[in-house]
Amino acid sequence: MKTGIFGGTFDPIHCAHLTVATEAAAKFALDRVLFIPAARPPHKSDVHVDYENRYRMVELACHGNPLLVPSRLEAGLEKSYSILTIERLKAEDASHLYFIIGADAFDEIETWHRWQEVIAAVQFIVVTRPGHDYDVPPGARVHRLDTLALTVSSSDIRRRLAAGEAVSEVPPPVLNYIQEHRLYRSA
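Throughout what follows, the structure given in this document is the object of discussion.

### Things to note about the nonpolar core
Phase 1: By size, the foremost hydrophobic cluster in this structure holds 36 residues, and its most contacted members are Ile13, Leu30, Val33, Phe35, Met57 and Ile100.
Phase 2: Put simply, the parts of the chain that give this core at least two residues each are α1 (15–28), β2 (32–37), α2 (51–62), β4 (96–102), β5 (123–128), α6 (154–162) and α7 (172–180).
Phase 3: Here this core takes 7 residues from α1, the largest share from any one element.
Phase 4: Beyond its immediate chain neighbours, meaning those up to four positions away, Leu30 contacts Lys2, Gly4, Ala24, Ala25, Leu67, Tyr98, Ile100 and Ile125.
Phase 5: Counting residues in each nonpolar core, the second largest holds 23 residues, with Ile5, Leu34, Trp115 and Ala140 among its members.

### Observations concerning α1
Phase 1: Helix length check: α1, at 14 residues, gives a terminal C-alpha distance of 20 Å against a target of 20 Å (1.5 Å per residue), a fit within 8%.
Phase 2: Taken from the residues just after α1, Ala29 is the one with a positive phi, measuring 55 degrees.

### Structural notes on the packing of aromatic side chains
Phase 1: Going through the model one piece at a time under the given rule, you end up with 8 aromatic pairs.
Phase 2: The residue whose ring lies beneath Arg72 is Tyr55, and the NZ or CZ to ring-centre distance is 4.0 Å.

### Considering the pattern of salt bridges
Phase 1: The full count for this structure, using the stated rule, is 10 salt bridges.
Phase 2: Here Glu59 makes a salt bridge to Arg56, at a shortest N to O gap of 3.1 Å. In this pair, Glu59 and Arg56 are both assigned in helix α2, 3 residues apart and thus about one turn of the helix distant.
Phase 3: Judged by relative accessible area, which is 28%, Glu59 ranks as partly exposed.
Phase 4: What makes Arg56 partly exposed here is its relative accessible area of 34%.
Phase 5: Arg159 is the partner of Glu165 in a salt bridge, and the nearest nitrogen-oxygen pair spans 3.8 Å.
Phase 6: The partly exposed category is assigned to Glu165, whose relative accessible area is 38%.
Phase 7: Accessibility expressed as a relative area gives 46% for Arg159, which makes it partly exposed.
Phase 8: By sharing partners, the salt bridges in this structure join Asp156, Arg159, Arg160, Glu165 and Glu169 into a single network.

### Let's talk about the sheet that holds β2
Phase 1: With parallel pairing, 6 strands are arranged side by side in an open sheet as β3-β2-β1-β4-β5-β6. Each edge of the open sheet carries a strand with a single partner, namely β3 (68–70) and β6 (141–146). With direction set aside, neighbouring strand axes in the sheet form an average angle of 30 degrees.
Phase 2: Where β2 and β3 come together, 3 bridges link them in parallel fashion. Its bridge partner being in β3, Phe35 is matched across the sheet by Pro70.
Phase 3: Strand contacts of α1: β1 (2–8), β2, β3, β4, β5 and β6, with the helix running at about 120 degrees to β6, the strand carrying the most contacts.
Phase 4: Packing of α2 onto the sheet brings it into contact with β2 and β3, and relative to β2 it is tilted by some 160 degrees.

### What about the packing of α2 against α7?
Phase 1: Running from N to C, α2 and α7 point in directions that differ by 150 degrees, and their axes come no closer than 8 Å. As summarised for this structure, α2 and α7 are arranged roughly antiparallel, according to the angle between their axes. In terms of crossing hand, the pair formed by α2 and α7 is right-handed. Contacts between α2 and α7 pair Asn53, Arg56, Met57, Leu60 and Ala61 from the former with Pro173, Val174, Tyr177 and Ile178 from the latter.
Phase 2: Among the residues making up the contact of α2 with α7, the classes are represented as 7 nonpolar, 1 polar and 1 charged.

### Some details on unusual backbone geometry
Phase 1: Geometrically, the link from Asp11 to Pro12 is a cis peptide bond, its omega value of 5 degrees lying close to zero.
Phase 2: Tracing the chain through its elements places Pro12 in the loop between β1 and α1.
Phase 3: At Ala29, a position not held by glycine, the phi torsion is positive, near 55 degrees.
Phase 4: You will see that Arg114, though not glycine, has its phi angle at about 55 degrees, which is positive.
Phase 5: When you line up the elements, Arg114 lands in the loop between α4 (103–106) and α5 (115–121).
Phase 6: Note on Arg114: relative accessible area 26%, which makes it partly exposed.

Criteria and thresholds
- Residues numbered from 1 in each chain as written.
- Predicted model: local features only at pLDDT ≥ 70, side-chain atom pairs only at ≥ 80, totals over all residues.
- Heavy atoms only, no water.
- Core = buried A, V, L, I, M, F, W, Y, C linked by side-chain atoms within 4.5 Å.
- Buried < 20%, exposed > 50% of the residue type's maximum accessible area, 1.4 Å probe, protein only.
- Helix = DSSP H or I, 4+ residues; strand = E, 2+ residues; numbered from the N terminus.
- Contact = heavy atoms within 4.5 Å.
- Expected span 1.5 Å × (residues − 1).
- Phe/Tyr/Trp six-rings, centres within 6.5 Å; stacked < 30°, edge-to-face > 60°.
- Lys NZ or Arg CZ within 6 Å of the ring centre and 35° of its normal.
- Salt bridge = Lys/Arg side-chain N within 4 Å of Asp/Glu carboxyl O.
- Pairing = 2+ DSSP bridges.
- Axes fitted to C-alpha atoms, helices over the stretch in contact; angles between N-to-C directions.
- Parallel < 35°, antiparallel > 145°, perpendicular 65-115°, else oblique.
- Left-handed = near helix turned anticlockwise from the far one by under 90°.
- Nonpolar A, V, L, I, M, F, W, Y, C, P; charged D, E, K, R; others polar.

Structure, rendered in structure tokens:
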């Protein structure tokens, strides 16, 4: 089985995340894409909504698309290191792993915990805009996914939600959940 790993804070998940996952699955013949919210992301200290709410938003965003699978692989109190997630998936016999990652995050891969093991264990689908370049560490197996779907950011969505502005880049069930649970409101 060819499995895509799509991790992140998903704070909140938005339509560009879904577009990237479906484009990657189509282009690289993935059988599924696991959406794995990081409970304790090692490179971010400013997560705005708790893990359970972020996971629920991922569930709502993926609902109805059997290709997109929410996963709790990074739930818990330990740091959400990618190598630990990869090891868990390999233990489940997920032999063909494709790590979906933005070019900006891929540019920082050498700062990751046990990064050499990460690049040895997976193939990367690096999501970028046409013409954007990045360095590839020796040994990394990289496939490029050029897309224009990344014009939105979670930080911009959070800012607009806090200001009470309209947000169209979030799937309607996720937006309803955000409003119902009063997430991302300014103090």
